[in-house]
Amino acid sequence: MRLLIAEDDPQLGDGLTVGLRQDGYAVDWVKDGVAADLALKSESYDLLVLDLGLPRLAGMEVLTRLRERGQALPVLILTAHDATGDKIAGLDGGADDYLVKPIGLAELAARVRALARRAAGRAAPLLRHGELVLDPAGRQVTLAGMPVELSARELSLLQLLLENVGRVMTRAQLEASVYGWRDEPDSNALEVHIHHLRRKLGADLIKTLRGIGYTVPKA
Ligand code: CA
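What counts, and at which threshold
Residues numbered from 1 in each chain as written. Predicted model: local features only at pLDDT ≥ 70, side-chain atom pairs only at ≥ 80, totals over all residues. Heavy atoms only, no water. Donors = N, O, S within 2.8 Å, 3.2 Å for Na, K, Ca; no water. Helix = DSSP H or I, 4+ residues; strand = E, 2+ residues; numbered from the N terminus. Axes fitted to C-alpha atoms, helices over the stretch in contact; angles between N-to-C directions. Parallel < 35°, antiparallel > 145°, perpendicular 65-115°, else oblique. Contact = heavy atoms within 4.5 Å. Nonpolar A, V, L, I, M, F, W, Y, C, P; charged D, E, K, R; others polar. Phe/Tyr/Trp six-rings, centres within 6.5 Å; stacked < 30°, edge-to-face > 60°. Lys NZ or Arg CZ within 6 Å of the ring centre and 35° of its normal. Pairing = 2+ DSSP bridges. Buried < 20%, exposed > 50% of the residue type's maximum accessible area, 1.4 Å probe, protein only. Salt bridge = Lys/Arg side-chain N within 4 Å of Asp/Glu carboxyl O. Arc of directions from axis to C-beta. Polar contact = N/O pair within 3.5 Å; in protein donor to acceptor, adjacent residues only side chain to side chain. Domains from an automatic or database assignment. Buried area = accessible area lost by both parts, 1.4 Å probe.

1. Quick word on the coordination of the calcium ion
Distances from the calcium ion to its protein donors, namely Asp-8 (OD), Asp-51 (OD) and Gly-53 (O), fall within the range 2.2 to 2.3 Å. Counting the intervening residues between successive donors of the calcium ion yields the motif D-x42-D-x1-G. With Asp-8 in the loop between β1 (2-6) and α1 (10-22) and Asp-51 in strand β3 (residues 47-51), this residue pair connects regions lying 43 residues apart in the sequence.

This is how it looks when you write it as structure tokens:
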């Protein structure tokens, strides 16, 4: 999953970026509303964390423009603690959830997971495929009840594939969801991660469609 954080407070922005990367998300961070608007127009994100008090272009305006373009990604807004009106305006303006500052990282991560789950069209917190179970909250995978050790990127790739069982995911989609701007993938990194997933979870789980991408077929 690829997230955009729009937050001008350097300490909070840095903390959110580092924390969410540790949770396995590809995270890009912008520090003003114009940069946020531009990034949302040019890149593909699965979720936006949006501070309403942004310089150059207000967060509400970023949100309004996003929804006017018909972009449906979930938006979690961050508001100052005394700004009740902001929460209401934000939710009415197309945000899906809000958090009031000061932000606790654990709560933010839980809300991000809940929004991602709903955006992927599922209410259940666990992803199941045959004997394979992935727990996005606990960042754990089991196969026939036995825990399987996966790297953060392997887990992110597997989650995206399991959220799209039966659909072909292109290289670009997979790479965009596990790499942010700062760490460009080298050309065969995706193949290496897929190879590791097959070795750990069985050769038949992930099918290659040569020149197109990968898919996990319906069980
Ligand atoms: Ca701010």
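2. Points about the packing of helix α6 (residues 152-162) against helix α8 (residues 189-201)
With their axes 10 Å apart at the nearest point, α6 and α8 run at an angle of 80° to one another. Accordingly, the angle class assigned to the pair α6 and α8 is roughly perpendicular. Contacts between α6 and α8 involve Arg-153, Glu-154, Leu-157, Leu-158 and Leu-161 on the former and, on the latter, Leu-190, His-193, Ile-194, His-196, Leu-197, Lys-200 and Leu-201. Taken together, the residues of the contact of α6 with α8 sort by class into seven nonpolar, two polar and three charged.

3. A look at the packing of aromatic side chains
For the structure on display, the rule yields zero aromatic pairs. It is Lys-31 that lies over the ring of Trp-29; its NZ or CZ is 4.3 Å from the centre.

4. Concerning the sheet that holds β3
Taken together, five strands build an open sheet; the order of strands is β2-β1-β3-β4-β5 and the sheet is parallel. Of all strands in the sheet, those with a lone pairing partner are β2 (26-30) and β5 (97-100), marking the two edges. The mean angle between the axes of side-by-side strands here comes to 20°, regardless of whether they run parallel or antiparallel. Its contacts with the sheet put α1 on β1, β2 and β4 (75-79), and the angle it makes with β2 is roughly 170°.

5. Description of the side chain of His-129
Of note, His-129 is situated in strand β6 (residues 127-129). On the basis of relative accessibility, which here comes to 13%, the residue His-129 falls in the buried class. When sequence neighbours within four positions are dropped, the list of residues in contact with His-129 reads Leu-162, Val-165, Leu-205, Val-216, Pro-217, Lys-218 and Ala-219.

6. Considering the sheet that holds strand β9 (residues 146-148)
Read from one edge of the open sheet, four strands run β6-β7-β8-β9, paired in antiparallel fashion. Sheet topology places β6 and β9 at the edges, where each strand pairs with a single neighbour. Shown here is a sheet whose adjacent strand axes are inclined to one another by a mean of 25°, direction ignored. Where strand β7 (residues 132-135) meets strand β8 (residues 140-143), four bridges bridge the pair, whose relative direction is antiparallel. Its bridge partner being in β8, Leu-134 is matched across the sheet by Val-141.

7. A short note on the pattern of salt bridges
Side-chain pairing between opposite charges can occur once the charged atoms of the two side chains come close. Scanning the entire structure with this criterion turns up 15 salt bridges. Between Arg-2 and Glu-43 there is a salt bridge, and its shortest N-O distance comes to 3.1 Å. Placement of Arg-2 in strand β1 and of Glu-43 in the loop between α2 (33-42) and β3 is noted, with a sequence separation of 41 residues between them. Given a relative accessible area of 6%, Arg-2 falls into the buried group.

8. Some points on α2
Taken as a whole, α2 has its buried residues at Gly-33, Ala-36, Asp-37, Ala-39 and Leu-40. An end-on view of α2 places all buried positions within 165° of arc, on one side of the element. Projecting away from the buried face of α2 at angles above 90 degrees are the exposed residues Leu-38, Lys-41 and Ser-42. Considering only its buried residues, α2 is in contact with β1, β2, β3 and α3 (59-68). At the N-terminal boundary of α2, the capping side chain belongs to Asp-32, with an oxygen 2.9 Å from the backbone nitrogen of Val-34.

9. Some thoughts on the domain arrangement of the protein
As assigned here, the protein comprises domain 1 (2-120) and domain 2 (127-215). Across the boundary between the two partners, domain 1 contributes 14 residues, which contact 13 residues of domain 2. Taking both partners together, domain 1 and domain 2 bury about 1100 Å²; carbon and sulfur atoms supply 49% of that area. Seen at the junction of domain 1 and domain 2, the total is zero salt bridges. Our count for the domain 1 to domain 2 interface comes out at two residue pairs in polar contact (both at pLDDT 80 or more). Per-element accounting of the side of domain 1 that touches domain 2 gives the leading share, five residues, to β2. Residues that form the side of domain 1 that touches domain 2 fall into these classes: seven nonpolar, one polar and six charged.

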